[in-house]
Amino acid sequence: MRLAAVSTAGAALFLWPFTGLGAPGAVAAAAVSIGCVVALLAIETMSRRVDTRGLAVIAAIAAIDSALRLALVNGIGGFTPIFLLVLCAGWAMGAEFGFLCGATTLLVSALVTAGVGPWLPYEMLAAGWVGAAAGLAGAPRRGRMPERRDIVALAVVGVITGFLYGAVMDIWDWTFFRGAADFGYVTGLNAGTTALRFGHFYLATSLVYDCFRAVGNAVLVLLLARPVVGALVRLRRRHTVVIEEPPLTAAA
């Protein structure tokens, strides 16, 4: 429920262009979105749903991905290797953990690569949703060692989220950088017309670019995800304590 609440509030960041509110709506949505991510991390930590070991895993993944992003800051087309660990963490540890892992990874890597800017809230939420999607897809298999079918399913998630990440990030690019008369963002239009203009923009400028990300996610998952997911599953098993209530005894 907490993840759903944060995602609902965060969606305002991506939906404001379709409301006709203009720049004030963007500023308000960005502030709310970052606040929601921070609040979710604080709540999860204080409620001990994410303990110190969980925080250490998130920090380690963020550090590794930051190094990868620093080394390959431009990637190949839209491809970046940072989503492999986010996808694996979500699949093995759950949707909320995956969301926090994705959002934290983009925040830390942005600080490392001097990539902090008004686009950062978009990146944090979009990457968080990548991890959450993997967590939701892997829920029926939570706690089990990965089989080939699990890796194939995770690769499919990588393809879908590769395209969706690019599409939602294009909202930032479209509203703040593009001004083409035929498909650029224009304030004051109704939601339907605005959506059509954005669809035209995405197909014309980004679909091919995002193919590199989607295919790259799938290839990395198929090649490397099985041992990574297996290690995270073992970690989850080793450090998860199950508290069982004592059995009821019949009255004498």
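See the structure printed just above.
It should be emphasised that the depicted structure is a prediction, and the values quoted were computed from it without experimental measurement.

Asks: Explain the pattern of salt bridges to me, and be specific about the residues and the numbers.
Replies: Enumeration according to the criterion identifies five salt bridges in this entry. The closest approach of N and O atoms between R69 and E123, which form a salt bridge, is 3.3 Å. Placement of R69 in helix α3 (residues 52–71) and of E123 in helix α6 (residues 120–138) is noted, with a sequence separation of 54 residues between them. Salt-bridge contacts for R213 lead to D210; the nearest nitrogen and oxygen are separated by 2.9 Å. Linking R213 with D210, this pair stays in helix α9 (residues 207–239), spanning three residues, or about one helical turn. Accessibility classification places R213 together with D210 in one group, the buried group.

Asks: How would you summarise the packing of helix α4 (residues 83–93) against α6 if you had to cite specific residues and measurements?
Replies: The N-to-C vectors of α4 and α6 enclose an angle of 40°; their axes lie 7 Å apart at closest approach. In terms of orientation, α4 and α6 fall into the oblique class. Remark: the crossing between α4 and α6 carries right-handed chirality. Residues F83, V86, L87, G90 and W91 of α4 pack against A127, V130, G131, A134, G135, A137 and G138 of α6.

Asks: With reference to specific residues and values, describe the nonpolar core.
Replies: Counting 58 residues, the largest nonpolar core has L87, Y122, L154, Y165 and V221 as the members making the most contacts within it. Put simply, the parts of the chain that give this core at least two residues each are α1 (2–15), α3, α4, α5 (95–112), α6, α7 (148–177), α8 (191–205) and α9. Element by element, the count of residues in this core is highest for α4, at 10 residues. Excluding its chain neighbours within four sequence positions, the residues that come into contact with L87 are V130, A134, L154, V157, G158, T161 and V221.

Asks: An account of α6 is needed here, citing residue identities and associated values.
Replies: Between the first and last C-alpha of α6 there are 27 Å, a value that for 19 residues agrees with the 27 Å anticipated at 1.5 Å per step. Of all 19 residues in α6, 15 are buried; the element is thus mostly enclosed.

Asks: I'd like a description of the environment of V221, backed by residues and values.
Replies: In this structure, V221 sits in helix α9. Among the residues examined, V221 registers a relative accessible area of 0% and is labelled buried. Along the sequence, V221 and A155 sit 66 residues apart, while their C-alpha atoms lie 5.5 Å from each other.

How each quantity is defined
Residues numbered from 1 in each chain as written. Predicted model: local features only at pLDDT ≥ 70, side-chain atom pairs only at ≥ 80, totals over all residues. Heavy atoms only, no water. Salt bridge = Lys/Arg side-chain N within 4 Å of Asp/Glu carboxyl O. Helix = DSSP H or I, 4+ residues; strand = E, 2+ residues; numbered from the N terminus. Buried < 20%, exposed > 50% of the residue type's maximum accessible area, 1.4 Å probe, protein only. Axes fitted to C-alpha atoms, helices over the stretch in contact; angles between N-to-C directions. Parallel < 35°, antiparallel > 145°, perpendicular 65-115°, else oblique. Left-handed = near helix turned anticlockwise from the far one by under 90°. Contact = heavy atoms within 4.5 Å. Core = buried A, V, L, I, M, F, W, Y, C linked by side-chain atoms within 4.5 Å. Expected span 1.5 Å × (residues − 1).

By themselves, these are just geometric observations and shouldn't be taken as functional.
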